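Observations on chain architecture
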Amino acid sequence: MNPKNGLLEQRPYDEVPRVDYVLVGGGLQSGLMALAISHHQPQASWILIEQQEKLAGNHTWSFHATDIPESCSAWAEPLAEYRWPRYEIRVGGRVRTVEIPYRTCSSEHFAKLVMPLAQQAHRRILTNTTVDEIAPTRVTLSDGRRIDATAVIDNRGPVPPNVRNFAGGFQKFWGFELEFNADWPHANPIIMDDQIDQQDGFRFIYTLPMERRRVLVEDTRFSNTPSIDREECLERVRAYVNSRGYHDYRIVREEQGVLPMPTGGSFPGSGLPRLAGGYRGGWFHAATGYSFSMALQVADCVATNPAERLPQALQELSHEHAWRARFARFLNRLLFELVKPKTRYQIFRRFYRVLDEPAIARFYGHRFTPLDAFRMVVGIPPMGLRPFQFLRSYTRLPSARAVIQPSTQPHKVPG
Ligand SMILES: Cc1cc2nc3c(=O)[nH]c(=O)nc-3n(C[C@H](O)[C@H](O)[C@H](O)COP(=O)(O)OP(=O)(O)OC[C@H]3O[C@@H](n4cnc5c(N)ncnc54)[C@H](O)[C@@H]3O)c2cc1C
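About the cut-offs
- Residues numbered from 1 in each chain as written.
- Predicted model: local features only at pLDDT ≥ 70, side-chain atom pairs only at ≥ 80, totals over all residues.
- Heavy atoms only, no water.
- Buried < 20%, exposed > 50% of the residue type's maximum accessible area, 1.4 Å probe, protein only.
- Helix = DSSP H or I, 4+ residues; strand = E, 2+ residues; numbered from the N terminus.
- Pairing = 2+ DSSP bridges.
- Phe/Tyr/Trp six-rings, centres within 6.5 Å; stacked < 30°, edge-to-face > 60°.
- Near = heavy atom within 4 Å.
- Polar contact = N/O pair within 3.5 Å; in protein donor to acceptor, adjacent residues only side chain to side chain.
- Areas by Shrake-Rupley, 256 points an atom, 1.4 Å probe, with all protein chains shown as cover.
- pLDDT = per-residue confidence, 0-100.
- Contact = heavy atoms within 4.5 Å.
- Axes fitted to C-alpha atoms, helices over the stretch in contact; angles between N-to-C directions.
- Parallel < 35°, antiparallel > 145°, perpendicular 65-115°, else oblique.
- Salt bridge = Lys/Arg side-chain N within 4 Å of Asp/Glu carboxyl O.
- Patch = residues over 30% accessible without salt bridge, like charges linked within 9 Å, V, L, I, M, F, W, Y side chains within 5 Å.

A word on the pairing of strand E7 (residues 102-106)
- Most of E7 sits inside the fold, with 5 of its 5 residues counted as buried.
- Side-chain alternation along E7 places Tyr 102, Thr 104 and Ser 106 on one buried face and Arg 103 and Cys 105 on a second face that is also buried.
- Sheet topology note: the strand E3 (residues 60-64)/E7 ladder contains 5 bridges and is antiparallel. Bridge pairing links Phe 63 to Arg 103 in E7.

This is the structure we're talking about:
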């Protein structure tokens, strides 16, 4: 073990022969591919390359248990580090318990599952190593060395922000993991509680009780702007826990994200010059900014197809998702362009009122049916809807404007 970062010491890579796969980036998508390939093709050789000193960044990845397709369960079930049987939604004065098991996986847990895969001689994980150039069958590292592969997959995560070209809104959040000296009253997550001041779009608090006295409390917004201020979010989080009678706590960890919710732009995996997964390939749910469920499907697709057939297999997967990606962009137009920020909450209230659990699960898993889509939007329009723009947006094709993928650099907890 490397005593500094707790990772397995890596063998030098100068004698690496040609491998089956090079996975560029050591975040969610590459880690899932490493797990899936090692499960489905135990003899396949791969090398995963991460520029940071450790894998997986600083995330708490949450997902519905139903996001894990049957075909992935053998290798993906261990990802569920924390498990809850249900969660709550509190929007617009309504409370709903959603009977779908909810799961969370921290970066540390994720890295602990992925790192041991490289104990086999035909698999390698290189950290502190930057890839400078990517070609379909070769990568060039920043020190000039090259590695050849049957398939190179670009999983380098979001591209740097380009706010000017972006059409859409953002899900942005700042989470504080708090340690209390008394039990938190809720055993299950509350993934939306809008009983806080509504500013900067639709705003709510998200709580994940990891343990009875350790809770991730996140100030979250669906906003038209990407800017986020730590102190302001902390203020809201403080006010929220204080209002529940908790004044004594310490911050043990923080994370923040600004996730794109495009109203136009390219669809998953389309128009790319090379094989790309995760955020880099556009494989995320446009209406939530989340990518866990799609990343699982992409990893499964990569691992269950021969490396030579990947371009075609990923294109087929992209086609499967295309109409849903288009509909999710329409929902974003509804949320960010067609209703006033003050009435945004009605869209969520309606969503959780009209959909039953299987439909909610399909929505988050990007597996919703045309009937689910119909039920989401047909009915009494939310107050504040701009009717002309609404009708027009049904016929509007996604714009060619680029999709922003804002930076998700980990934030260090001060002192
Ligand atoms: C704080 C946060 C919380 C989130 N929570 C959720 C959630 O709960 N559920 C959900 O579904 N989604 C969530 N998301 C959205 C999404 O799932 C994550 O952003 C996810 O990590 C994206 O996966 P990825 O593999 O595409 O990119 P990343 O996980 O960002 O991985 C990309 C990796 O590539 C490395 N890299 C980049 N360039 C190079 C290079 N040249 N050479 C080598 N390595 C390179 C980076 O260092 C990074 O480690 C969250 C996002 C954030 C920021």
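A few points about the packing of aromatic side chains
- By the definition in use, this model includes 23 aromatic pairs.
- Residues Phe 180 and Tyr 249 carry aromatic rings whose centres are separated by 5.9 Å and whose planes lie at 65 degrees to one another, so their mutual orientation is edge-to-face. Here the residue Phe 180 occupies a position in strand E12 (residues 168-180), and Tyr 249 occupies one in strand E16 (residues 249-262), the gap between them amounting to 69 residues.
- For Phe 180, a relative accessible area of 6% translates into the label buried.
- Aromatic side chains Phe 363 and Tyr 364 sit 5.5 Å apart centroid to centroid with 80 degrees between the ring planes, which places their arrangement in the edge-to-face category. Both residues of the pair, Phe 363 and Tyr 364, count as buried.
- Ring pairing ties together the aromatic residues Trp 323, Phe 327, Phe 330, Phe 351, Tyr 352, Phe 363, Tyr 364 and Phe 368, which thus form one cluster.

A word on the site of the ligand
- In the vicinity of the ligand, 32 residues are found, and the nearest of them are Gln 29, Glu 50, Ser 62, Tyr 279 and Ser 291.
- Measuring from an oxygen atom of the ligand, one finds a side-chain N or O atom of Trp 61 at 3.3 Å.
- With respect to the ligand, the backbone of Tyr 279 contributes an N or O atom lying 2.8 Å from an oxygen atom.
- Contact with the protein chains removes 93% of the 970 Å² of surface that the ligand exposes when unbound.

Section: the confidence of the model for the protein
- Mean pLDDT over the protein stands at 86; residues scoring 70 or higher make up 84%.
- Overall, residues 1-11 carries pLDDT values under 50, and its contacts beyond four positions in sequence, including any with other chains, amount to 24 contacts.
- For the stretch residues 397-415, pLDDT sits under 50, and the model shows 55 contacts to residues farther than four places along the chain or on other chains.

Section: the packing of helix H6 (residues 310-338) against helix H9 (residues 370-377)
- Between H6 and H9, the shortest axis-to-axis distance is 12 Å and the interhelical angle comes to 5 degrees. The pairing of H6 with H9 is recorded here as roughly parallel in orientation. Contacts from Trp 323, Phe 327, Phe 330, Leu 331 and Leu 334 of H6 reach H9 at Pro 370, Ala 373, Met 376 and Val 377.

What about the pattern of salt bridges?
- All told, the structure shown has 22 salt bridges when counted by the stated rule.
- Two residues, Arg 274 and Asp 154, come together in a salt bridge whose shortest N-O distance is 3.1 Å. Of this pair, Arg 274 sits in the loop between E16 and helix H5 (292-303) while Asp 154 sits in strand E11 (residues 146-154); the two residues are 120 residues apart in sequence, bridging distant segments of the chain.
- Salt bridges here are not isolated pairs; linked through shared partners, they connect Glu 177, Glu 211, Arg 214, Arg 253 and Glu 255.

Thoughts on unusual backbone geometry
- Here Ala 56, not a glycine, exhibits a phi torsion of approximately 80 degrees, which is positive.
- The class for Ala 56 is buried, based on a relative accessible area of 2%.
- Phi at Asn 128 takes a positive value of approximately 55 degrees, unusual for a residue other than glycine.
- In this fold, Asn 128 is placed in the loop between strand E8 (123-126) and strand E9 (131-135).

With respect to the sheet that holds E11
- Spatial ordering of the open sheet is given by E8-E2-E1-E11-E10-E9, a layout of 6 strands whose pairing is mixed. This sheet does not close on itself; its edge strands, each paired only once, are E8 and E9. Averaged over all neighbouring strand pairs, the angle between strand axes comes to 35 degrees, with direction disregarded.
- Pairing of strand E10 (residues 138-141) with E11, which is carried by 3 bridges, proceeds in the antiparallel orientation. What sits directly across from Thr 140, in E11, is Arg 146.
- Running over the sheet, helix H1 (residues 28-40) touches strand E1 (19-24), strand E2 (46-49), E8 and E11 and is turned about 165 degrees from E2.

As for a nonpolar patch on the surface
- Together, Leu 371, Phe 374 and Val 378 make up an exposed nonpolar region whose accessible area comes to about 300 Å².
- Inspection of the secondary structure puts Phe 374 in helix H9.

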